[in-house]
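An overview of the molecular structure
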Protein chains: 2
Amino acid sequence: MKTKAIFYHAGCPVCVSAEQGISAALDTQRFDVEVVHLGETSNRLGEAENAGVKSVPALVIEGQVYHINHGADLSALK
Amino acid sequence: MKTKAIFYHAGCPVCVSAEQGISAALDTQRFDVEVVHLGETSNRLGEAENAGVKSVPALVIEGQVYHINHGADLSALK
């Protein structure tokens, strides 16, 4: 079974760079990568917040949050 | 030919987490991942700095720097 990886972003330039550079570089044989645009699916903001996401872009894998560079604070998306 | 990915770290807890979570999750069919401990190989600090690394852990792929969370500033390793 694959490990779930969720990449949260908001369409910002820093987000796009991280998506292309990191999210797309993950091993899809081992990871099921979901890309969530929090600007367009704001109903998932709570889920991201609960996972510990403080800013985007961020990647959540097995309960660990990895903030990659800094595009926007989560609070700016509310 | 594989794309080179260099993961710079300093052995800190945040670094170890990022190494296990992100660096180890990269697709090794497409990426040749090198892990560099800047605390032990300080002769590579200049190279990291030139690549744009400001803090560790950081991953450099195709000239792009991805700072993953924040363990230590590069200046603290000099």
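Residues numbered from 1 in each chain as written. Chains lettered and ligands numbered in written order. Predicted model: local features only at pLDDT ≥ 70, side-chain atom pairs only at ≥ 80, totals over all residues. Heavy atoms only, no water.

1. Points about the relation of the copies chain A and chain B
Screw-axis analysis of chain A against chain B gives a translation of 0.0 Å along the axis, an RMSD of 0.0 Å, and a rotation angle of 180°. Both chain copies can therefore be described as sitting about a two-fold axis. (Least-squares fit on C-alpha atoms with pLDDT ≥ 70 in both.)

2. Points about the pattern of salt bridges
Opposite charge on two side chains makes pairing possible when the charged atoms of those side chains draw close. All names here are of chain A. The full count for this structure, using the stated rule, is ten salt bridges over all chains. Of the charged contacts, one joins arginine 44 and glutamate 47 as a salt bridge, the two residues approaching to 2.9 Å between their closest N and O atoms. A relative accessible area of 32% places glutamate 47 in the partly exposed class. (Salt bridge = Lys/Arg side-chain N within 4 Å of Asp/Glu carboxyl O. Buried < 20%, exposed > 50% of the residue type's maximum accessible area, 1.4 Å probe, protein only.)

3. Description of helix H1 (residues 13-21) of chain A
Turning to H1 of chain A, its buried residues are Cys15, Ser17, Ala18 and Gly21 of chain A. The arc enclosing the buried residues of H1 of chain A, seen along the axis, measures out at 165°, which places them on a common side. In H1 of chain A, the exposed positions that point more than 90 degrees away from the buried face belong to Pro13 and Gln20 of chain A. Against strand S1 (3-9), strand S3 (55-61) and strand S4 (64-73) of chain A together with strand S3 (55-61) and strand S4 (64-73) of chain B lie the buried residues of H1 of chain A. (Helix = DSSP H or I, 4+ residues; strand = E, 2+ residues; numbered from the N terminus. Arc of directions from axis to C-beta. Contact = heavy atoms within 4.5 Å.)

4. Observations concerning the interface of chain A and chain B
Where interface size is given, it is often the accessible area lost as the parts come together that is meant. Between chain A and chain B, the contact holds 18 residues from the first and 18 residues from the second. Here chain A meets chain B over a buried area of about 1,400 Å², counting both sides, of which 50% is carbon and sulfur. Put simply, chain A and chain B have zero salt bridges between them. Of all elements in the fold, only H1, S3 and S4 of chain A reach the threshold of two or more residues within the side of chain A that touches chain B. In the side of chain A that touches chain B, the residues fall into eleven nonpolar, five polar and two charged. (Buried area = accessible area lost by both parts, 1.4 Å probe. Nonpolar A, V, L, I, M, F, W, Y, C, P; charged D, E, K, R; others polar.)

5. A look at the confidence of the model for chain A
Should pLDDT be low for a region, the predicted coordinates there are not to be read in detail. With 100% of its residues at a pLDDT of 70 or more, chain A shows a mean pLDDT of 97. Reported confidences for the modelled complex are a pTM of 0.95 and an ipTM of 0.94. (pLDDT = per-residue confidence, 0-100.)

6. Here we look at the pairing of S4 of chain A
Residues and elements named next belong to chain A. Here S3 pairs with S4 via six bridges, running antiparallel. Each residue of the ladder has a partner; that of alanine 58, found in S4, is histidine 67. Between S3 and S4, which follow one another and run antiparallel, lie two residues, and glutamate 62 among them has a positive phi close to 50°. (Pairing = 2+ DSSP bridges.)

7. A word on the nonpolar core
Membership of the largest hydrophobic core comes to 22 residues, with the highest contact counts inside it found for Ile22 and Leu59 of chain A together with Ile22 and Leu59 of chain B. Ignoring anything within four residues of it in the chain, the contact list for leucine 59 of chain A reads Ile6, Phe7, Ile22, Leu26, Gln64, Val65, Tyr66 and Ile68 of chain A together with Ile22 of chain B. Within the second largest apolar cluster, 16 residues are counted, among which are Cys12, Cys15, Ala48 and Val65 of chain A. (Core = buried A, V, L, I, M, F, W, Y, C linked by side-chain atoms within 4.5 Å.)

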